[in-house]
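The residues making up each chain are set out below.
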Amino acid sequence: MADIDIRTVGRAGRITLTRPKALNALSYEMCMAIDTALRSWREDDAVDLIIFDAEGEKAFCAGGDIAELYATGTNGDYDYGRTFWRDEYRMNAIIFEYPKPVISFLQGFTMGGGVGIGCHGSHRIVGESSQIAMPECSIGLVPDVGGTLMLALAPGRLGEYLGTTGYRMGPDDAIFAGFADHFIPQDRWAGLIEMLEASGRAEIVEEHTETLPKGKLAELQPQIDAFFGGESLTDILNILRSDGQEFSSKVLNGLKRNAPISVACCIEMLHRLRGPNLTLRKALEMEYRFTYRAMEHGDFLEGIRAQIIDKDRNPNWQFADMNVPAAAVSNMLQPLGENALTFSEE
(Lines give C-alpha, C1' and ligand atoms only; values in the text may rest on other atoms or scores of the structure.)
Protein backbone atom coordinates (compact mmCIF):
# COMPACT_ATOMS: atom_id res chain seq x y z
CA MET A 1 0.00 0.00 0.00
CA ALA A 2 1.48 3.34 -1.09
CA ASP A 3 0.62 5.29 2.07
CA ILE A 4 1.93 2.84 4.66
CA ASP A 5 4.75 0.29 4.82
CA ILE A 6 3.99 -2.77 6.96
CA ARG A 7 6.61 -5.51 7.32
CA THR A 8 8.63 -7.53 9.82
CA VAL A 9 12.31 -6.78 10.38
CA GLY A 10 14.18 -9.03 12.75
CA ARG A 11 12.11 -9.44 15.91
CA ALA A 12 9.94 -6.38 15.20
CA GLY A 13 6.67 -5.74 13.47
CA ARG A 14 7.23 -2.48 11.61
CA ILE A 15 4.59 0.08 10.67
CA THR A 16 5.84 3.17 8.82
CA LEU A 17 3.54 5.94 7.60
CA THR A 18 4.70 7.01 4.13
CA ARG A 19 2.64 10.10 3.25
CA PRO A 20 5.05 12.88 4.28
CA LYS A 21 3.62 15.40 1.79
CA ALA A 22 0.22 14.95 3.44
CA LEU A 23 1.82 15.09 6.93
CA ASN A 24 1.13 11.35 7.11
CA ALA A 25 -2.62 11.94 7.48
CA LEU A 26 -4.40 8.72 8.37
CA SER A 27 -6.90 7.35 5.84
CA TYR A 28 -9.50 4.67 6.49
CA GLU A 29 -7.47 2.19 4.45
CA MET A 30 -4.37 2.92 6.55
CA CYS A 31 -6.35 2.35 9.75
CA MET A 32 -7.57 -0.99 8.49
CA ALA A 33 -4.08 -2.04 7.39
CA ILE A 34 -2.76 -1.28 10.87
CA ASP A 35 -5.67 -3.18 12.43
CA THR A 36 -4.99 -6.27 10.28
CA ALA A 37 -1.25 -6.24 10.98
CA LEU A 38 -1.65 -5.89 14.73
CA ARG A 39 -4.14 -8.75 14.86
CA SER A 40 -1.81 -11.03 12.87
CA TRP A 41 1.28 -10.20 14.95
CA ARG A 42 -0.51 -10.60 18.26
CA GLU A 43 -0.10 -14.40 18.22
CA ASP A 44 3.11 -14.50 16.14
CA ASP A 45 6.00 -15.79 18.28
CA ALA A 46 8.50 -14.39 15.77
CA VAL A 47 7.39 -10.83 16.60
CA ASP A 48 8.45 -9.55 20.03
CA LEU A 49 7.47 -5.89 19.70
CA ILE A 50 5.85 -3.35 17.38
CA ILE A 51 7.49 -0.15 16.10
CA PHE A 52 5.54 2.80 14.67
CA ASP A 53 7.40 5.53 12.81
CA ALA A 54 6.85 7.82 9.84
CA GLU A 55 8.68 9.34 6.90
CA GLY A 56 9.47 13.05 6.73
CA GLU A 57 10.56 15.62 9.27
CA LYS A 58 7.36 17.63 9.66
CA ALA A 59 4.98 15.10 11.16
CA PHE A 60 4.56 11.64 12.59
CA CYS A 61 0.85 12.02 11.79
CA ALA A 62 -0.99 15.32 11.79
CA GLY A 63 -4.45 13.72 12.01
CA GLY A 64 -7.09 11.86 10.08
CA ASP A 65 -7.62 12.31 6.36
CA ILE A 66 -10.82 14.32 6.54
CA ALA A 67 -11.35 15.12 2.86
CA GLU A 68 -13.46 12.00 2.30
CA LEU A 69 -15.38 12.61 5.53
CA TYR A 70 -16.30 16.09 4.32
CA ALA A 71 -17.21 14.95 0.80
CA THR A 72 -19.55 12.23 2.02
CA GLY A 73 -21.01 14.28 4.86
CA THR A 74 -21.93 17.25 2.70
CA ASN A 75 -23.81 14.83 0.44
CA GLY A 76 -25.86 13.67 3.40
CA ASP A 77 -23.99 10.39 3.83
CA TYR A 78 -23.16 10.20 7.54
CA ASP A 79 -22.52 6.45 7.55
CA TYR A 80 -19.03 6.70 6.01
CA GLY A 81 -17.83 8.90 8.85
CA ARG A 82 -19.51 6.77 11.48
CA THR A 83 -17.86 3.65 10.06
CA PHE A 84 -14.48 5.39 9.85
CA TRP A 85 -14.60 6.51 13.48
CA ARG A 86 -15.98 3.20 14.75
CA ASP A 87 -13.28 1.10 13.11
CA GLU A 88 -10.53 3.61 13.93
CA TYR A 89 -11.51 3.58 17.62
CA ARG A 90 -11.47 -0.22 17.66
CA MET A 91 -7.95 -0.10 16.24
CA ASN A 92 -6.93 2.43 18.91
CA ALA A 93 -8.15 0.00 21.57
CA ILE A 94 -6.06 -2.81 20.08
CA ILE A 95 -2.92 -0.67 20.41
CA PHE A 96 -3.71 0.31 24.00
CA GLU A 97 -4.48 -3.27 25.06
CA TYR A 98 -1.71 -4.92 23.02
CA PRO A 99 0.05 -7.82 24.83
CA LYS A 100 3.46 -6.91 23.36
CA PRO A 101 5.45 -3.65 23.63
CA VAL A 102 4.37 -0.97 21.16
CA ILE A 103 7.05 1.66 20.53
CA SER A 104 6.33 4.89 18.66
CA PHE A 105 8.70 7.58 17.38
CA LEU A 106 6.83 10.89 17.31
CA GLN A 107 8.67 13.57 15.36
CA GLY A 108 7.07 16.86 14.36
CA PHE A 109 3.30 17.08 14.56
CA THR A 110 1.34 14.31 16.28
CA MET A 111 -2.27 15.44 16.33
CA GLY A 112 -5.74 13.96 16.38
CA GLY A 113 -5.66 10.56 14.67
CA GLY A 114 -1.87 10.57 15.08
CA VAL A 115 -2.35 10.56 18.86
CA GLY A 116 -4.60 7.53 18.43
CA ILE A 117 -1.82 5.43 16.89
CA GLY A 118 1.21 7.09 18.45
CA CYS A 119 0.24 7.75 22.07
CA HIS A 120 -1.47 4.54 23.23
CA GLY A 121 1.56 2.26 23.13
CA SER A 122 3.90 1.22 25.92
CA HIS A 123 6.92 3.32 24.85
CA ARG A 124 6.13 6.74 23.37
CA ILE A 125 9.27 8.52 22.23
CA VAL A 126 9.55 12.24 21.52
CA GLY A 127 12.43 14.29 20.18
CA GLU A 128 13.45 17.90 19.67
CA SER A 129 10.82 18.64 17.00
CA SER A 130 7.85 16.91 18.63
CA GLN A 131 4.60 18.83 18.97
CA ILE A 132 1.59 16.93 20.27
CA ALA A 133 -1.93 18.35 20.34
CA MET A 134 -5.63 17.56 20.31
CA PRO A 135 -7.05 20.43 18.19
CA GLU A 136 -10.39 18.83 17.28
CA CYS A 137 -12.56 21.57 18.81
CA SER A 138 -11.27 23.93 16.11
CA ILE A 139 -13.01 21.84 13.44
CA GLY A 140 -16.20 21.09 15.33
CA LEU A 141 -15.20 17.73 16.78
CA VAL A 142 -14.06 16.79 20.28
CA PRO A 143 -10.77 15.18 21.28
CA ASP A 144 -11.20 11.55 20.26
CA VAL A 145 -9.22 8.41 19.28
CA GLY A 146 -8.94 7.78 23.03
CA GLY A 147 -7.45 11.20 23.67
CA THR A 148 -10.01 11.93 26.37
CA LEU A 149 -8.47 9.13 28.44
CA MET A 150 -5.12 10.96 28.59
CA LEU A 151 -6.81 14.32 29.04
CA ALA A 152 -8.84 12.98 31.97
CA LEU A 153 -5.68 11.53 33.54
CA ALA A 154 -3.51 14.63 33.00
CA PRO A 155 -2.47 16.55 36.14
CA GLY A 156 -5.06 18.88 37.62
CA ARG A 157 -7.22 20.58 34.99
CA LEU A 158 -4.66 20.38 32.20
CA GLY A 159 -7.04 18.06 30.34
CA GLU A 160 -9.68 20.75 29.96
CA TYR A 161 -7.06 23.27 28.85
CA LEU A 162 -5.37 20.99 26.32
CA GLY A 163 -8.64 19.62 24.96
CA THR A 164 -10.47 22.92 24.53
CA THR A 165 -7.60 25.11 23.28
CA GLY A 166 -5.58 22.60 21.22
CA TYR A 167 -2.35 23.78 22.89
CA ARG A 168 0.70 22.26 21.20
CA MET A 169 2.91 20.40 23.63
CA GLY A 170 6.64 20.24 23.09
CA PRO A 171 8.50 17.11 24.22
CA ASP A 172 8.75 18.21 27.85
CA ASP A 173 5.08 19.20 28.09
CA ALA A 174 3.96 15.99 26.38
CA ILE A 175 5.76 13.87 28.96
CA PHE A 176 4.43 15.98 31.84
CA ALA A 177 0.84 15.70 30.57
CA GLY A 178 1.06 11.94 30.01
CA PHE A 179 1.09 11.83 26.20
CA ALA A 180 4.69 10.59 25.94
CA ASP A 181 7.23 8.68 28.03
CA HIS A 182 10.78 9.19 26.78
CA PHE A 183 12.87 11.98 25.28
CA ILE A 184 15.59 10.68 22.97
CA PRO A 185 17.49 12.98 20.57
CA GLN A 186 16.29 12.33 17.04
CA ASP A 187 19.75 11.66 15.60
CA ARG A 188 19.76 8.47 17.68
CA TRP A 189 16.43 7.11 16.51
CA ALA A 190 17.66 5.16 13.48
CA GLY A 191 20.30 3.34 15.50
CA LEU A 192 17.86 2.61 18.31
CA ILE A 193 15.32 1.16 15.87
CA GLU A 194 17.99 -1.15 14.46
CA MET A 195 18.82 -2.37 17.97
CA LEU A 196 15.14 -2.95 18.74
CA GLU A 197 14.67 -4.90 15.52
CA ALA A 198 17.69 -7.07 16.20
CA SER A 199 17.07 -7.75 19.89
CA GLY A 200 13.32 -7.59 20.37
CA ARG A 201 14.04 -5.96 23.75
CA ALA A 202 11.87 -2.92 24.44
CA GLU A 203 13.81 -2.06 27.59
CA ILE A 204 16.60 -0.76 25.36
CA VAL A 205 14.50 2.40 25.00
CA GLU A 206 14.95 3.32 28.65
CA GLU A 207 18.72 2.96 28.37
CA HIS A 208 18.76 5.81 25.81
CA THR A 209 16.33 8.18 27.54
CA GLU A 210 17.48 11.66 28.51
CA THR A 211 15.91 14.02 31.03
CA LEU A 212 14.44 17.37 30.03
CA PRO A 213 13.95 20.59 31.97
CA LYS A 214 10.38 21.28 33.02
CA GLY A 215 8.18 22.65 30.27
CA LYS A 216 5.70 25.50 30.28
CA LEU A 217 2.71 23.45 31.42
CA ALA A 218 4.22 22.68 34.82
CA GLU A 219 4.63 26.39 35.47
CA LEU A 220 1.20 27.28 34.15
CA GLN A 221 -0.69 24.52 35.92
CA PRO A 222 -1.72 26.53 39.02
CA GLN A 223 -3.34 29.17 36.79
CA ILE A 224 -4.87 26.57 34.49
CA ASP A 225 -6.34 24.70 37.46
CA ALA A 226 -7.93 27.91 38.69
CA PHE A 227 -9.32 28.91 35.29
CA PHE A 228 -10.69 25.48 34.38
CA GLY A 229 -12.05 24.47 37.77
CA GLY A 230 -15.65 25.26 36.84
CA GLU A 231 -18.29 22.66 36.15
CA SER A 232 -19.30 23.97 32.74
CA LEU A 233 -18.11 26.13 29.86
CA THR A 234 -20.11 29.05 31.28
CA ASP A 235 -18.32 28.75 34.63
CA ILE A 236 -14.92 28.67 32.95
CA LEU A 237 -15.71 31.65 30.72
CA ASN A 238 -16.84 33.68 33.74
CA ILE A 239 -13.61 32.91 35.59
CA LEU A 240 -11.46 33.82 32.59
CA ARG A 241 -13.37 37.07 31.94
CA SER A 242 -13.09 38.18 35.54
CA ASP A 243 -9.33 37.63 35.67
CA GLY A 244 -8.28 40.15 33.05
CA GLN A 245 -4.62 39.14 32.96
CA GLU A 246 -2.60 38.50 29.79
CA PHE A 247 -2.65 34.70 30.04
CA SER A 248 -6.38 34.47 30.78
CA SER A 249 -7.13 36.81 27.86
CA LYS A 250 -5.01 34.65 25.57
CA VAL A 251 -6.84 31.50 26.71
CA LEU A 252 -10.22 33.21 26.27
CA ASN A 253 -9.38 34.28 22.73
CA GLY A 254 -8.28 30.74 21.93
CA LEU A 255 -11.56 29.29 23.18
CA LYS A 256 -13.58 31.80 21.15
CA ARG A 257 -12.09 30.49 17.90
CA ASN A 258 -13.33 26.96 18.51
CA ALA A 259 -16.77 25.40 18.14
CA PRO A 260 -18.72 26.23 21.33
CA ILE A 261 -20.70 22.97 21.31
CA SER A 262 -17.44 21.03 20.99
CA VAL A 263 -15.74 22.96 23.80
CA ALA A 264 -18.72 22.51 26.11
CA CYS A 265 -18.94 18.78 25.34
CA CYS A 266 -15.20 18.28 25.82
CA ILE A 267 -15.44 19.73 29.33
CA GLU A 268 -18.47 17.61 30.17
CA MET A 269 -16.84 14.44 28.81
CA LEU A 270 -13.76 14.85 30.98
CA HIS A 271 -15.89 15.44 34.07
CA ARG A 272 -17.90 12.29 33.35
CA LEU A 273 -14.84 10.15 32.62
CA ARG A 274 -12.70 11.02 35.64
CA GLY A 275 -12.84 8.49 38.42
CA PRO A 276 -11.70 5.03 39.47
CA ASN A 277 -13.53 3.19 36.69
CA LEU A 278 -11.95 5.04 33.76
CA THR A 279 -10.85 2.78 30.89
CA LEU A 280 -9.87 3.47 27.30
CA ARG A 281 -12.98 1.67 26.07
CA LYS A 282 -15.17 3.89 28.24
CA ALA A 283 -13.44 6.97 26.80
CA LEU A 284 -13.82 5.77 23.21
CA GLU A 285 -17.48 4.90 23.74
CA MET A 286 -18.12 8.42 25.08
CA GLU A 287 -16.23 10.00 22.17
CA TYR A 288 -18.22 7.98 19.66
CA ARG A 289 -21.47 9.39 21.02
CA PHE A 290 -20.30 12.80 19.85
CA THR A 291 -18.61 11.85 16.59
CA TYR A 292 -21.60 9.72 15.56
CA ARG A 293 -23.70 12.90 15.71
CA ALA A 294 -20.98 15.36 14.67
CA MET A 295 -21.97 15.76 11.02
CA GLU A 296 -25.73 15.74 11.43
CA HIS A 297 -26.10 17.73 14.65
CA GLY A 298 -22.68 19.25 15.42
CA ASP A 299 -20.41 21.74 13.71
CA PHE A 300 -17.98 19.32 12.06
CA LEU A 301 -18.88 20.02 8.43
CA GLU A 302 -18.85 23.78 8.98
CA GLY A 303 -15.53 23.53 10.80
CA ILE A 304 -13.94 21.61 7.92
CA ARG A 305 -15.36 24.06 5.41
CA ALA A 306 -13.89 27.06 7.22
CA GLN A 307 -10.51 25.55 8.11
CA ILE A 308 -9.73 23.18 5.23
CA ILE A 309 -11.99 23.69 2.22
CA ASP A 310 -12.66 27.43 1.85
CA LYS A 311 -9.95 28.37 4.36
CA ASP A 312 -11.77 31.58 5.26
CA ARG A 313 -11.22 30.87 8.98
CA ASN A 314 -14.68 32.28 9.58
CA PRO A 315 -16.91 29.42 10.70
CA ASN A 316 -20.59 29.96 11.38
CA TRP A 317 -20.77 28.05 14.65
CA GLN A 318 -23.91 27.06 16.52
CA PHE A 319 -24.15 29.00 19.80
CA ALA A 320 -21.69 31.59 18.47
CA ASP A 321 -22.20 33.66 21.64
CA MET A 322 -20.74 30.68 23.56
CA ASN A 323 -23.91 30.26 25.63
CA VAL A 324 -24.32 26.53 25.09
CA PRO A 325 -27.45 25.12 26.75
CA ALA A 326 -26.95 22.12 29.00
CA ALA A 327 -29.60 20.30 26.95
CA ALA A 328 -27.49 20.67 23.78
CA VAL A 329 -24.53 19.06 25.53
CA SER A 330 -26.71 16.25 26.86
CA ASN A 331 -28.16 15.60 23.41
CA MET A 332 -24.71 15.21 21.85
CA LEU A 333 -23.54 12.84 24.60
CA GLN A 334 -26.59 10.70 25.25
CA PRO A 335 -26.14 6.94 24.79
CA LEU A 336 -26.47 5.61 21.24
CA GLY A 337 -28.46 2.49 22.07
CA GLU A 338 -28.06 -0.13 19.34
CA ASN A 339 -25.56 2.12 17.56
CA ALA A 340 -23.20 2.28 20.56
CA LEU A 341 -19.54 1.54 19.96
CA THR A 342 -18.66 -2.10 20.60
CA PHE A 343 -15.35 -3.93 20.62
CA SER A 344 -16.19 -7.35 19.23
CA GLU A 345 -13.34 -9.33 17.72
CA GLU A 346 -15.32 -10.19 14.61
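Computed from a predicted structure; not experimentally measured.

Reading the values: rules and limits
- Residues numbered from 1 in each chain as written.
- Predicted model: local features only at pLDDT ≥ 70, side-chain atom pairs only at ≥ 80, totals over all residues.
- Heavy atoms only, no water.
- Helix = DSSP H or I, 4+ residues; strand = E, 2+ residues; numbered from the N terminus.
- Buried < 20%, exposed > 50% of the residue type's maximum accessible area, 1.4 Å probe, protein only.
- Contact = heavy atoms within 4.5 Å.
- Areas by Shrake-Rupley, 256 points an atom, 1.4 Å probe, with all protein chains shown as cover.
- Lys, Arg positive; Asp, Glu negative; His and termini not counted.
- Charge placed at Lys NZ, Arg CZ, Asp CG, Glu CD.
- Pairing = 2+ DSSP bridges.
- Salt bridge = Lys/Arg side-chain N within 4 Å of Asp/Glu carboxyl O.
- Phe/Tyr/Trp six-rings, centres within 6.5 Å; stacked < 30°, edge-to-face > 60°.
- Lys NZ or Arg CZ within 6 Å of the ring centre and 35° of its normal.
- Axes fitted to C-alpha atoms, helices over the stretch in contact; angles between N-to-C directions.
- Polar contact = N/O pair within 3.5 Å; in protein donor to acceptor, adjacent residues only side chain to side chain.
- Expected span 1.5 Å × (residues − 1).

The subject of this paragraph is the overall build of the protein. In terms of regular secondary structure, the protein is built from 16 helices and 9 strands. Oriented by its inertia axes, the alpha-carbon framework of the protein measures out at about 55 × 45 × 40 Å. Taken over 346 residues, the protein has a buried fraction of 57%. Counting contacts in the protein only where the partners sit at least 6 residues apart, residues at least 24 apart contribute 74% of the total. Only carbon and sulfur atoms are counted for the fraction: they give 48% of the accessible area of the protein, which is about 14,200 Å². Here the protein holds 32 positive side-chain charges and 50 negative ones, and the gap between their average locations is 3 Å.

The next point concerns the pairing of strand E5 (residues 102-106). Counting buried residues in E5 gives 5 out of 5 residues, a clear majority hidden from the surface. The two faces of E5 match: Val102, Ser104 and Leu106 on one face and Ile103 and Phe105 on the other face are all buried. In terms of strand pairing, strand E3 (residues 49-54) meets E5 through 3 bridges, oriented parallel. Along E5, the bridge assignment pairs Ile51 with Ile103. Looking at chain direction, E5 and strand E7 (residues 123-126) are connected through 4 bridges and run parallel. Of the residues in E7, the one forming a bridge with Phe105 is Ile125.

Time to look at the pattern of salt bridges. Any two side chains of opposite charge can pair, on the condition that their charged atoms come close. In this structure the tally under the stated criterion is 23 salt bridges. Its salt-bridge partner being Arg39, residue Asp35 comes within 2.6 Å of it at the nearest N-O pair. Remark: Arg39 and Asp35 occur in helix H1 (residues 28-42); sequence separation between them is 4 residues, near one turn of the helix. By relative accessible area, which is 24% here, Arg39 ends up partly exposed. Notably, a salt bridge pairs Glu207 with Arg201, separated by 3.7 Å at the nearest N-O pair. Look at Glu207 and you get exposed, because its relative accessible area is 55%. Salt bridges sharing partners connect three or more residues here, namely Glu302, Arg305, Asp310 and Asp312.

Let's shift gears to unusual backbone geometry. Although it is not a glycine, Phe319 sits at a positive phi angle of roughly 50°. Within the secondary structure, Phe319 sits in the loop between helix H15 (300-309) and helix H16 (326-333). If you check the backbone angles, Met322 has positive phi at about 70° while not being a glycine. With respect to the helices, strands and loops of the structure, Met322 is situated in the loop between H15 and H16. For Met322, a relative accessible area of 4% puts it in the buried group.

As a further point, take the packing of aromatic side chains. All chains considered together, the criterion is met by 11 aromatic pairs. With centroids separated by 5.6 Å and ring planes inclined at 75°, the aromatic side chains of Trp85 and Phe300 adopt a geometry described as edge-to-face. Of this pair, Trp85 sits in helix H3 (residues 79-96) while Phe300 sits in helix H15; the two residues are 215 residues apart in sequence, bridging distant segments of the chain. Relative accessible area serves as the criterion here: at 3%, Trp85 is assigned to the buried category. Ring geometry for Tyr288 versus Tyr292: centroids 5.7 Å apart, planes at 65°, classification edge-to-face. Taken as a pair, Tyr288 and Tyr292 lie in helix H14 (residues 280-294) at a separation of 4 residues, close to a single helical turn. Of the two residues examined, Tyr288 and Tyr292, each falls in the buried class. Ring pairing ties together the aromatic residues Tyr161, Tyr167, Phe227, Phe228 and Phe247, which thus form one cluster. If you follow Arg82 out to its NZ or CZ, it ends over the ring of Tyr292, 3.8 Å from the centre.

The next thing to look at is the sheet that holds strand E4 (residues 59-61). Spatial strand order, E4-E6-E8: 3 strands in an open sheet with parallel pairing. Single-partner strands in this sheet number two, and they are E4 and strand E8 (131-133). Averaged over neighbouring strand pairs, the angle between their axes works out to 20° when direction is ignored.

Take the sheet that holds strand E2 (residues 12-17) next. Adjacent strands of a sheet form backbone hydrogen bonds with each other and so pair up, either parallel or antiparallel. The 6 strands lie next to each other as E1-E2-E3-E5-E7-E9, forming an open sheet whose pairing is mixed. With one partner strand each, in any of the chains shown, strand E1 (4-9) and strand E9 (182-183) form the two edges of the open sheet. Against the sheet, H1 makes contact with E1, E2 and E3, and its axis sits at roughly 15° relative to E1, the strand it touches most.

The next subject is the side chain of Thr291. Looking at where Thr291 falls in the secondary structure, it is placed in helix H14. Reaching out from Thr291, the side chain makes a polar contact with the side chain of Tyr89 at a distance of 3.2 Å. Apart from the residues within four sequence positions on either side, Thr291 is in contact with Trp85, Tyr89, Leu141 and Asp144.

Here we come to H1. Here H1 contains 15 residues, and its C-alpha end-to-end distance of 21 Å stays within 8% of the 21 Å for a straight helix at 1.5 Å per residue. Among the residues making up H1, those that are buried are Tyr28, Met30, Cys31, Ala33, Ile34, Asp35, Ala37, Leu38 and Trp41. In this structure, the buried side of H1 is in contact with E1, E2, E3, H3 and helix H4 (113-118).

From the geometry alone we can't say anything about function, so treat these as descriptive.
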